[in-house]
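Spelled out, the chains give:
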Amino acid sequence: MIQLFMKRSGSPVIVPLNLPASQSTITEASSQLDQANRAGKTEIVEIKSVIANLPSYLSGLDPDSRTQLAQLNRLSSIIAKMDSRERNIYAGALDGNSINNLNDVIRVAEQVSDYILIPNVNSDVTLGRYVAVTGQFHGDPRFPEAAWPYLDFAKIGAEYYAEHGGAYTHAGYVLRKQDDELVREKASQIQLDLSSSQTQASVCLPATKEELERVKRILGIDCFAEAAITKVSFAAPYMDEHIPTTGVCVEDANELAWAIEAMQREDGELLKYLSVLSVEQPGTMQEALRCAMNLDDYERITEDTYEYGQIVLRRIGADDELIDTIDGYMDFEKLGEDAMAEDGVRRTEFGLIRRCSSPFSEETQALGMGGLS
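Chains are numbered independently. Their residues run from 1 in the order of the written sequence. At least 70 in pLDDT is required for a residue's local features to be given in this predicted model, at least 80 for side-chain atom pairs to be given and counted, and no such filter applies to totals for whole chains, interfaces and linings, which use all residues. To get the side-chain values, all heavy atoms of the structure are used, and hydrogens and water are removed first.

**Some remarks on the overall build of the protein chain**
And step 1. Across its full length, the protein chain holds 14 helices and 12 strands.
And step 2. Burial classes: relative accessible area under 20% of the type maximum marks a residue as buried, over 50% as exposed, and values in between as partly exposed (1.4 Å probe, protein chains only). Among the 373 residues that make up the protein chain, the fraction classed as buried is 43%.
And step 3. Contacts spanning at least 24 positions in sequence make up 62% of the contacts within the protein chain whose residues lie at least 6 apart.
And step 4. All accessible-area figures derive from a Shrake-Rupley calculation using a 1.4 Å probe, and residue coverage is judged against the displayed protein chains alone. Counting only carbon and sulfur atoms, one obtains 47% of the accessible surface of the protein chain, whose full area is about 19,800 Å². Helix and strand definitions follow DSSP, with helices as H or I runs of at least four residues and strands as E runs of at least two, each counted in order from the N terminus. Here a residue-residue contact requires only that any non-hydrogen atoms of the pair lie within 4.5 Å.

And the structure:
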């Protein structure tokens, strides 16, 4: 993630050090420098990084400082955990902040999630056009589409940039989320990044028919089949682990988002859905949607085997007085365990679940956390 090329003053030997590195690797590099010239001062010949502009912010680094070298190693570990999008955001966040020392460089790296990247916006003109397009999407009356031929996009972009800061990068425009007025993160369940032959756009789902039509106009398409879905993101945790994101269509994703939103209004419904997904293991988003539409066919079991045994007795007509009478003379736990097996109850990391219409097949016994064991 970060490469240091070091030498000792008075010696031509250059020693590379790839970070992040173990302490033994760092000690080995120091030993090689000592062999070249033990008395000389360590100099940095060159710094390379996957973050192209990062070396310019490390020019004052002292490689003889154990503290700074440890900080640099920590920084490299943070960068190593970033995906390509986060690295692009980090590069822009560095340029958009006042960086005075290594602590500032690390602080910005730790706060990457506080920034957003607007793809393909890297000039006042493209920013101005984005402001106008997104303004129309949000119903802003200042930029009606009929007026676009007469708009000074460069001026619009320059004014927005002056008011909100940020930085242009090769990947797009990076700025703090709290400073942005365009990409308001409305309460969404699923976000799709879309790409057409003309431009790119993101849509937060669930969305109304009118909102989806605005996205089509932004992309310059008549139907979503003409656009590629480049990324699918879920707001609720664990969804991305259990819902396939290949072969997704916007309409199915939107319907699923509406269903997930409804689940969040009922206590336990989201956990029930996650339990169903972990057992049913849908192969497509459409199958995951089908599970959501049929969620009433599943029952989330919140009782343990002891209580479940009592529930079984109540099903066949036993009242509380009878259950209290035989308590201590009957193994409710064993009855509950056997009944759960017969009912096809499955244990998942999200709790116990059973299918009401027909018990889960024996093949699902190995799924989730391995049946009831």
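**Some words on the packing of aromatic side chains**
The description of two aromatic rings rests on the distance between their centres and on the angle between their planes.
And step 1. What counts as a ring pair is set by centres within 6.5 Å for rings of Phe, Tyr and Trp (its six-membered ring), and what kind of pair is set by the plane angle: stacked under 30 degrees, edge-to-face over 60, tilted for all other angles. Scanning the model with the defined rule gives three aromatic pairs in all.
And step 2. On the basis of an interplanar angle of 45 degrees and a centroid distance of 5.4 Å, the ring pair of Tyr168 and Tyr173 is categorised as tilted.
And step 3. Judged by relative accessible area, which is 23%, Tyr168 ranks as partly exposed.
And step 4. Residue Tyr173 is classed as buried on the basis of its relative accessible area, which comes to 0%.
And step 5. Above the face of the Phe153 ring, Arg129 is positioned so that its terminal group lies 4.9 Å from the ring centre. Only when the NZ atom of a Lys or the CZ atom of an Arg is both within 6 Å of the ring centre and within 35 degrees of the ring normal do we say a charge sits over the ring.

**Regarding the packing of helix α9 (residues 250-263) against helix α11 (residues 285-293)**
And step 1. To define axes, lines are fitted to C-alpha atoms, for helices over the stretch in contact only, and angles between the resulting N-to-C directions are given on a 0 to 180 degree scale. For the pair α9 and α11, the least separation of the axes is 10 Å and the interaxial angle reads 35 degrees. In terms of crossing hand, the pair formed by α9 and α11 is left-handed. Residue-level contacts link Asp252, Ala253, Glu255, Leu256, Ala259 and Met263 of α9 to Met285, Gln286, Ala288, Leu289, Ala292 and Met293 of α11.
And step 2. Gly is placed with the polar residues, together with every amino acid not listed as nonpolar (Ala, Val, Leu, Ile, Met, Phe, Trp, Tyr, Cys and Pro) or charged (Asp, Glu, Lys and Arg). In terms of residue class, the contact of α9 with α11 is made up of nine nonpolar, one polar and two charged. With the far helix as reference, a near helix turned anticlockwise by less than a right angle produces a left-handed crossing, and one turned clockwise produces a right-handed crossing.

**Points about the sheet that holds strand β3 (residues 42-49)**
And step 1. By definition, two strands form a pair when at least two bridges between them are found by DSSP. Taken in spatial order, the three strands of this open sheet run β2-β1-β3, and their pairing is antiparallel. The strands lining the two open edges of the sheet, one partner per strand, are β2 (15-19) and β3. Put simply, the sheet's adjacent strands are angled 25 degrees from each other on average, direction ignored.
And step 2. Pairing between strand β1 (residues 2-8) and β3: seven bridges, direction antiparallel. Residue pairing in the sheet places Lys7 in a bridge with Glu43 of β3.
And step 3. In the packing of helix α1 (residues 23-36) onto the sheet, contacts are made with β1, β2 and β3, and the angle to β2 comes to roughly 165 degrees.

**Brief notes about helix α6 (residues 153-164)**
And step 1. Expected span of a helix, by definition, is 1.5 Å for each gap between consecutive residues, and there is one gap fewer than residues. Along its 12 residues, α6 runs 16 Å from first to last C-alpha, staying within 8% of the 16 Å computed at 1.5 Å per residue.
And step 2. For α6, every residue scored as buried is listed here: Phe153, Ile156, Gly157, Tyr160 and His164. What you see down the axis of α6 is that its buried residues fit within an arc of 95 degrees, all on one side. Along α6, exposed side chains directed more than 90 degrees from the buried face belong to Lys155 and Ala162.
And step 3. At the C-terminal side of α6, Gly165 shows a positive phi close to 70 degrees. Directions drawn from the helix axis to the C-beta atoms are what define this arc.

**Overview of the nonpolar core**
And step 1. Ranked by size, the top nonpolar core spans 44 residues in total, and within it Leu192, Leu205, Met239, Ile243, Leu256 and Tyr273 carry the most contacts.
And step 2. Listing elements by their share of this core, those giving two or more residues are β7 (190-195), β8 (200-205), α7 (209-219), β9 (228-234), α9, α10 (269-280) and α11.
And step 3. Top contributing element to this core by residue count: α9, with seven residues.
And step 4. Setting aside anything within four residues of it in sequence, one finds Leu256 in contact with Ile190, Ile243, Tyr273, Met285, Ala288, Leu289 and Ala292.
And step 5. Buried Ala, Val, Leu, Ile, Met, Phe, Trp, Tyr and Cys residues form a nonpolar core when they are joined through side-chain atoms within 4.5 Å. Judged by nonpolar contacts, the second largest core, of 37 residues, contains Ile26, Leu58, Ile79 and Val174.

**Concerning the sheet that holds β9**
And step 1. The three strands lie next to each other as β8-β7-β9, forming an open sheet whose pairing is antiparallel. For this open sheet the edge positions go to β8 and β9, each flanked by a neighbour on one side alone. The mean angle between the axes of side-by-side strands here comes to 20 degrees, regardless of whether they run parallel or antiparallel.
And step 2. Bridge count for β7 against β9 is six bridges, and the pairing is antiparallel.

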